[in-house]
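Breakdown of the fold
Residues per chain, in single letters:
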Amino acid sequence: MAPQRRGPPRVPEGSAAAERRRANSTKKDRLPREAQRTWLRTVALGVGLALITFLLWSSLGINDDVVEVLARRSEVLEGRFIEVPCSEDYDGHRRFEGCTPRKCGRGVTDIVITREEAEQIRRIAEKGLSLGGSDGGASILDLHSGALSVGKHFVNLYRYFGDKIQNIFSEEDFQLYRDVRQKVQLTIAEAFGISASSLYLTKPTFFSRINSTEAQTAHDEYWHAHVDKVTYGSFDYTSLLYLSDYLEDFGGGRFVFMEEGANKTVEPRAGRVSFFTSGSENLHRVEKVLWGTRYAITIAFTCNPDHGIEDPVLTT
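Residues numbered from 1 in each chain as written. Predicted model: local features only at pLDDT ≥ 70, side-chain atom pairs only at ≥ 80, totals over all residues. Heavy atoms only, no water.

So, the confidence of the model for the protein
Definition in use: Scored between 0 and 100, pLDDT is the confidence that the predictor attaches to each residue. Whether two residues are in contact is decided by their heavy atoms: any pair within 4.5 Å suffices.
Here the protein averages 86 in pLDDT, and 79% of its residues register 70 or above. In this model residues 1-14 is a low-confidence stretch, pLDDT under 50, and it forms four contacts with partners more than four residues away in sequence or in other chains. Note that pLDDT drops below 50 for residues 38-64; the model gives that stretch 11 contacts with residues more than four away or on any other chain.

Laid out in structure tokens, this is it:
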């Protein structure tokens, strides 16, 4: 029988050599695991920081897509107008020749309403809203329908407060309101080349007071992008009269026309009138107010006389 070839003698498992081999093997296995754990911690930290940054920016209402300011608060604009193509939103509604938008766009002017008039109009809003106010950050006062934010609901201030209203408002208040509405109506008619008599005031037309209080109901979430013609079918032309100053009375709260890669902002200025056709060509939103209080009045017009409303009257 041929002699068997023997391998190297086996070393008992408890020997120092075996311990070294096991230690080396364990070390080699541990190094990749430790590197993997370090990488995962790094990634988790990066993701966490990115999420925190995103949530912070979102909560502040900051929009880094805004690339152009259409109207700065420091400017006094005689008139600035940008024409844009009309959307198809008007096709689904009855058309009124000489009024329904065929020329669409947006404009801003600071010479129609004086700052003194804006201050007087703001006092009307302050008096009315002193009767109530939303628990959230957005309160409205509608002198036409009587709608007033109170807590998480709305009341009709004329019915709710009755004769006390005559101690809050004066006939001079309502006359100033009517005069301002007429000036805005004439401005819109001239800008779009239509007859002022073809425009009818429509609802809702209302005062708004916005601050940084956390929203309590959907009515307080004013910052979502929307189209007026879609939200309110009667709207053909929308206007806003600002009653307070950006960065002086409040922070945030700019008006933003939403355009892909080229959003346009209007910085509120007391007495400034911003106006635009109400279709999808003017998708817009309001930035969240970060501090202070923002006052404005939305004044809307329709071409359909069936959707028209009368100016408010103080009954005695």
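Details of the packing of helix α2 (residues 115-129) against helix α5 (residues 171-192)
Short version of the rule: Interaxial angles span 0 to 180 degrees and are taken between N-to-C directions of axes, which are lines fitted to C-alpha atoms, for helices over the stretch in contact. Numbered from the N terminus, helices here are DSSP runs of H or I no shorter than four residues, and strands are runs of E no shorter than two. Roughly parallel refers to an angle under 35 degrees, roughly antiparallel to one over 145, roughly perpendicular to one between 65 and 115, and oblique to any angle outside these ranges. Helix crossings get a hand from a simple test, with the near helix turned counterclockwise from the far one by less than a right angle marking a left-handed crossing and a clockwise turn marking a right-handed one. Amino acids are sorted into nonpolar (Ala, Val, Leu, Ile, Met, Phe, Trp, Tyr, Cys and Pro), charged (Asp, Glu, Lys and Arg) and polar (every other residue, Gly among them).
Contact pair α2 / α5: the axes reach a minimum separation of 10 Å and the direction vectors enclose 125°. Taken together, α2 and α5 sit at an angle that is classed as oblique. The interaxial crossing formed by α2 with α5 has left-handed handedness. In contact with E117, Q120, I121, I124 and K127 of α2, α5 contributes D173, L176, Y177, V180 and K183. In terms of residue class, the contact of α2 with α5 is built from five nonpolar, one polar and four charged.

Re the state of the cysteines
Put simply, the rule is: Whenever a pair of cysteine sulfur atoms sits within 2.5 Å, that pair is classed as a disulfide.
Applying the stated criterion to the full structure yields two disulfides. The disulfide that involves C86 links it to C104, with 1.9 Å between the sulfurs. Given an S-S torsion of about 105°, the disulfide between C86 and C104 has right-handed geometry. On the criterion of sequence distance, the pair formed by C86 in the loop between β2 (80-84) and β3 (104-109) and C104 in strand β3 is long-range, its members being 18 residues apart.

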